Amino acid sequence: SLSVNVIRTLAFTGDFSGHYGPIDYNAQNSVNRLAFSSSVRIHHYLIGPQFATSHGRAKVFFRGLIGGVSLRESAAVAGFSFDESDSGLAVGGGTGIDYRINDRMSWRILQGDYLWYRFARPKLVINGVSVSDNVTRTNFRISTGLVFKN
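Described in the following lines is the structure provided in the data block. (Residues numbered from 1 in each chain as written. Predicted model: local features only at pLDDT ≥ 70, side-chain atom pairs only at ≥ 80, totals over all residues. Heavy atoms only, no water.)

You can see Leu-89 is positioned in strand S5 (residues 80–102). According to the relative accessible area criterion, Leu-89 is partly exposed, its value standing at 40%. For the pair Leu-89 and Arg-118, spaced 29 residues apart in the sequence, the C-alpha separation amounts to 5.5 Å. Sequence-distant contacts of Leu-89, defined by excluding residues within four places in its chain, comprise Ile-66, Gly-67, Val-69, Trp-116, Tyr-117 and Arg-118. (Helix = DSSP H or I, 4+ residues; strand = E, 2+ residues; numbered from the N terminus. Buried < 20%, exposed > 50% of the residue type's maximum accessible area, 1.4 Å probe, protein only. Contact = heavy atoms within 4.5 Å.)

This is the structure we're talking about:
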């Protein structure tokens, strides 16, 4: 995340994240059973306001974000391989607490975000059956780490 303070309690925040890993699919219809695995990369890029209040060394913040999501998927099924990519709308919001270590650094004790995103179309349809997950997803993200201040 990158935040720029407008006033002491209001900042504009840009939040960028990447998520990587395999997804295993098992799909079936009345005739066939199909199983395959894929490699997925999802990137979120969101911006929005962040409101904060300080109490001693602790700072609590709340934020609302809107932006986009992009997906790239590679898979192999029955000897055939394919690459697919898509992008869509992303919306998120969350809260967190920072503990000030010194004037230049804080420890983000906990940050929790809710992410909602929608892609433009289903990812994969075989014989008229969608074998991909829904095109609308919701996720929760929890993080911690150091915050550097300028």
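After presenting the structure, the write-up continues.
Right, let's talk about the packing of aromatic side chains for a bit. Per the stated rule, a full pass over the model turns up two aromatic pairs. Relative to Phe-119, the ring of Tyr-117 has its centre 5.6 Å away and its plane inclined at 75°; by these criteria the two rings are edge-to-face. Accessibility assignment for this pair places Tyr-117 and Phe-119 in one class, buried. (Phe/Tyr/Trp six-rings, centres within 6.5 Å; stacked < 30°, edge-to-face > 60°.)

Judged by nonpolar contacts, Val-40, Ile-42, Leu-46, Leu-65, Val-69, Leu-71, Ala-90, Leu-115, Tyr-117 and Phe-119 together constitute the single largest core of ten residues. Secondary structure elements with two or more residues in this core: strand S3 (33–55), strand S4 (58–77) and strand S6 (105–119). The residues contacting Leu-115, other than those within four sequence positions of it, are His-44, Leu-46, Val-91, Gly-92, Arg-137, Thr-138, Asn-139 and Arg-141. (Core = buried A, V, L, I, M, F, W, Y, C linked by side-chain atoms within 4.5 Å.)

Let us look at the environment of Gly-112. With respect to the element layout, Gly-112 can be found in strand S6. Assessed through its relative accessible area of 27%, Gly-112 is described here as partly exposed. Placed 28 residues apart in sequence, Gly-112 and Phe-140 show a C-alpha to C-alpha distance of 7.2 Å.

With that out of the way, let us pick up the pattern of salt bridges. Within this structure, the stated rule accounts for six salt bridges. The residue Arg-63 makes a salt bridge to Asp-113 at a minimum N-O spacing of 3.0 Å. One end of the pair, Arg-63, is in strand S4; the other, Asp-113, is in strand S6, and 50 residues separate them in sequence. Per residue, the accessibility class of Arg-63 equals that of Asp-113, and both read buried. Of the charged contacts in the structure, one is a salt bridge between Asp-83 and Arg-72, with a shortest N-O distance of 3.7 Å. (Salt bridge = Lys/Arg side-chain N within 4 Å of Asp/Glu carboxyl O.)

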